Amino acid sequence: MGKFQLRKVRLKFSRRPLRHAGLLFKSLTYLVLGVSLLSISRTAVSLSDISIQTDKLISDVWFAEGIVLDLNQTVEGLSLQLTLSEFSHPALPGSVKGIEFHCAAVQRVNHSYYCPQASLSIDESPYGGQQADVELNYIDSDHMEIKLDGLIIAQGGVSLDLKLKNSSWQLSLNGVDLNADELRTLLPRDIVPMSWDLSGRLSIEAKLSGTTSTLQQAEVRSEIKQLNYADEEGLQVAENGSGKLQFQAEKSDRRWIGSAHLMLDQGQYYSDPYYIDLTESPLYLTLKGDWETTQNQLHLKQASLKWLPTVEVQGRAQIDLTELALLQANIEFATNRLDQLYQSIIQPMVIGSMVDELEITGGIVGEMELVDGEVALIRSELKSIDVDDLRGVFALYDLHGLLAWSNRENGQASHFNVQKGHLYQIHHGPVSVNLQALPNGINLLKPLDIQLLGGQIIIDRLEAENLFYGSPEWETGAEVVNLSLQELSTAFDWPVLSGELNGRLPRMHYQNESLDFDGALQVDVFGGRIEVEQLKIKQPLGRVPELFASAELKGLDLEQITRTFSFGHIEGGLEGKVNDLHLLNWEPVAFQAQFNSPADDELPHRISQRAVDNLTSIGNGVGGSLQNTFLGIFKEFRYNRIELRATLDGNLAELGGIDHPDGGYYLVKGAGLPRIDVIARNRRVAWKTLEERLKNIRVEGMEVQ
């Protein structure tokens, strides 16, 4: 017998579907090589050669065609060559074409067939053309081992070792220097979308095992270098990343139990709104838990994150993988470098708020609970925290205590102390705070006493709502007691004032970024009183605050005022009103003001030459003319009445005083001999021009701005 041929054989098997890619080798070997070798074992070995051909072989899940098996008896032993024109399987993203397997010497060892040096070539496949070395040890369709080395996948080298024993299998796989961009084409599309830019090199070592078509255990180690990716919107970006990932998992009933370890030691990462630079401080993430396949939920029983020398987070979580939703989590955190935590995690979350430009140091230890993706509880111990607003609005130093909040109505109370701080240029002393944090606001548990400017501000209540979502709103009442105007003027670098600031503000209400005051502030200054009413401040801690107010001046002593400001000596009383005052970023943009001598003033009325010159400069833009007349020999003059009216609306100011019969208006109406009148002619003047006049008046020791 010279040749044995079998053509157009169609075999169909009703075996369980093969769902794991590693079992392709089992199905291929069992259907073709196994059947052939078993047939040969029952045939005389003296046959010179055997050729088996069939057009198609089909199972429930795979398909093969153009199969040719050639067996030849040589001096070294039995030579085997198997070719397939095409093979397909659901585990493959496409069909494999032009398959050729060759073994020069098949050895019979006990009850197995062993080929130590075989070769495999593939013309076309989803992984490209392939040339690989093969080692095969075959007992029967349920007992075999196949080793492949030299595969080229995603531009990297891949080797694998598949062992089959009864209904169990083991697969060891090694991939070196794989191209990440090409590798993602072999993965499900939702892992790394094709629209992303991606580059990097990946090495992987995996050990998988299972029974029939079911994976039971997995252990994977991988390392990636030069990782770069970016989505279309630029919201997910990595540059020059590198790291290592390893995980192991084992199936138990309908649950996978395992752990994972991730270490990122290089690169810059941005995931809107967070930015992390790992150039100097690696990130370590450890996860332990289980995955319920029926509900598709991940239970993290232990999670640990370490980043920077001082940031450590631990916790537990339950995640719905179907909806990618966080169902529940408990997190414990600690750091003594709040500056790094603020810059990387907190600041991106508060951009656009009044706390987005802070310099913060100190430590914090606490815990957090999340339910359905939202914070349900937070409790933290504050340790020697210093906070400086870089815009100079406020600062808090040596802040320590307990901060607690929950979305439950009766959560734990908070209490903390501040050693010192400031609001704008006003410094304050120690403050002790006791409050109840509500689901969306706070309540003050006892009055707050703030020592500042030689006096105190007592806040008797505070009720705040919508602090965490919605539009913030709060209401409080306060009493101002004996605040020193001298300390206040020194803080703002004003001329030194004397007197005190007192007042009762029964209601201060903040809503829609506006702070409204009920009641009045009383400023006891210059021998009289200034009462401020209708006070409102919009965006008080914003970049461009606005202030609205009206004020009334009663019983002021001009001698004290002019002595304080070195304006020039004036004796007499002063009263007046300022209505509809509007300051934008603390600069006036509108007001209606009038200042005049009281009708029943009993104080002597005298004015110095320098004061006359300065008032003349304000009204006409030119002063100092008395020096050129005979009146220059007089240092002081008597006057009957002083009056100045000014209205500002935008960029234009309108001035007035006591009407003069010939036009113009008196700023100072003289009395006695020698008589001096200060008469102004200009009624309308640009505000910038008036500001320049105020800056140019002869005031000693003071610059008017």
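Residues numbered from 1 in each chain as written. Predicted model: local features only at pLDDT ≥ 70, side-chain atom pairs only at ≥ 80, totals over all residues. Heavy atoms only, no water.

**Here's the deal with the overall build of the protein**
Per the secondary structure count, the protein includes seven helices and 43 strands. The 705 residues of the protein split such that 40% are buried. Carbon and sulfur atoms make up 52% of the accessible area of the protein, which totals about 37800 Å². (Helix = DSSP H or I, 4+ residues; strand = E, 2+ residues; numbered from the N terminus. Buried < 20%, exposed > 50% of the residue type's maximum accessible area, 1.4 Å probe, protein only. Areas by Shrake-Rupley, 256 points an atom, 1.4 Å probe, with all protein chains shown as cover.)

**With respect to the side chain of Ser 121**
Mapped onto the elements, Ser 121 comes out in strand 6 (residues 112–124). Setting aside chain neighbours within four positions, we find Ser 121 in contact with Gly 98, Ile 99, Glu 100, Gln 130 and Gln 131. (Contact = heavy atoms within 4.5 Å.)

**Details of the confidence of the model for the protein**
Detailed conclusions should not be drawn from predicted coordinates in areas where pLDDT is low. Here the protein averages 79 in pLDDT, while 84% of its residues score no lower than 70. Contacts for the low-pLDDT stretch residues 626–634, under 50 throughout, to residues beyond four places or in other chains number 15 contacts. (pLDDT = per-residue confidence, 0-100.)

**Section: unusual backbone geometry**
Of note, Asp 398 is a non-glycine position whose phi angle comes to about 55°, a positive value. Along the chain, Asp 398 turns up in strand 22 (residues 394–406). On the basis of relative accessible area, Asp 398 is assigned to the partly exposed category, the value being 28%. The phi dihedral of Asn 585 is positive, around 55°, even though this residue is not glycine.

**Brief notes about a negative patch on the surface**
Taken together, the side chains of Glu 533, Glu 552, Glu 575, Asp 600 and Glu 602 define an acidic patch exposed on the protein surface. Topologically, Asp 600 is positioned in the loop between strand 36 (587–596) and strand 37 (606–608). We classify Asp 600 as exposed; its relative accessible area is 64%. (Patch = residues over 30% accessible without salt bridge, like charges linked within 9 Å, V, L, I, M, F, W, Y side chains within 5 Å. Salt bridge = Lys/Arg side-chain N within 4 Å of Asp/Glu carboxyl O. Lys, Arg positive; Asp, Glu negative; His and termini not counted. Charge placed at Lys NZ, Arg CZ, Asp CG, Glu CD.)

**Concerning the packing of aromatic side chains**
One pass over the full model with this rule turns up two aromatic pairs. Aromatic side chains Trp 196 and Tyr 229 sit 5.7 Å apart centroid to centroid with 25° between the ring planes, which places their arrangement in the stacked category. Taken as a pair, Trp 196 in the loop between helix 2 (180–183) and strand 11 (197–211) and Tyr 229 in strand 12 (residues 214–230) lie far apart in primary sequence, 33 residues in all. Using a relative accessible area of 23% as the deciding quantity, one classes Trp 196 as partly exposed. An angle of 90° between the planes, with centres 6.1 Å apart, marks the rings of Tyr 424 and Trp 586 as edge-to-face. Of the two residues, Tyr 424 is situated in the loop between strand 23 (413–423) and strand 24 (426–428) and Trp 586 in the loop between strand 35 (573–584) and strand 36; the sequence distance between them amounts to 162 residues. Its guanidinium or amino end placed over the ring of Tyr 397, Lys 420 lies 6.0 Å from that ring's centre, counting from NZ or CZ. (Phe/Tyr/Trp six-rings, centres within 6.5 Å; stacked < 30°, edge-to-face > 60°. Lys NZ or Arg CZ within 6 Å of the ring centre and 35° of its normal.)

**A short note on the pairing of strand 38 (residues 636–649)**
As judged from the seven bridges shared by strand 36 and strand 38, these two strands associate in the antiparallel manner. Of the residues in strand 38, the one forming a bridge with Phe 595 is Leu 644. Sheet analysis places strand 37 next to strand 38, joined by three bridges and oriented antiparallel. In the sheet register, Ser 608 faces strand 38, and the bridge partner there is Glu 636. Here strand 38 pairs with strand 41 (residues 665–670) via three bridges, running antiparallel. Its bridge partner being in strand 41, Tyr 639 is matched across the sheet by Gly 670. Relative to strand 39 (residues 652–656), strand 38 runs antiparallel, the two being bridged by five bridges. For Ala 646, the partnering residue across the bridge sits in strand 39 and is Leu 655. Between the antiparallel neighbours strand 38 and strand 39 lie two residues, among them Gly 650 with a positive phi of about 75°. (Pairing = 2+ DSSP bridges.)

**Here's the deal with the state of the cysteines**
Tallied over the full model, the rule gives one disulfide. A sulfur-sulfur distance of 1.8 Å marks the disulfide that ties Cys 103 to Cys 115. Across the S-S bond linking Cys 103 and Cys 115, the dihedral sits near 115°, which makes this disulfide right-handed. You can see Cys 103 sitting in strand 5 (residues 96–109) and its partner Cys 115 sitting in strand 6, a full 12 residues away along the chain. Across the pair, Cys 115 and Cys 103 agree in class, each one buried. (Disulfide = S-S within 2.5 Å.)

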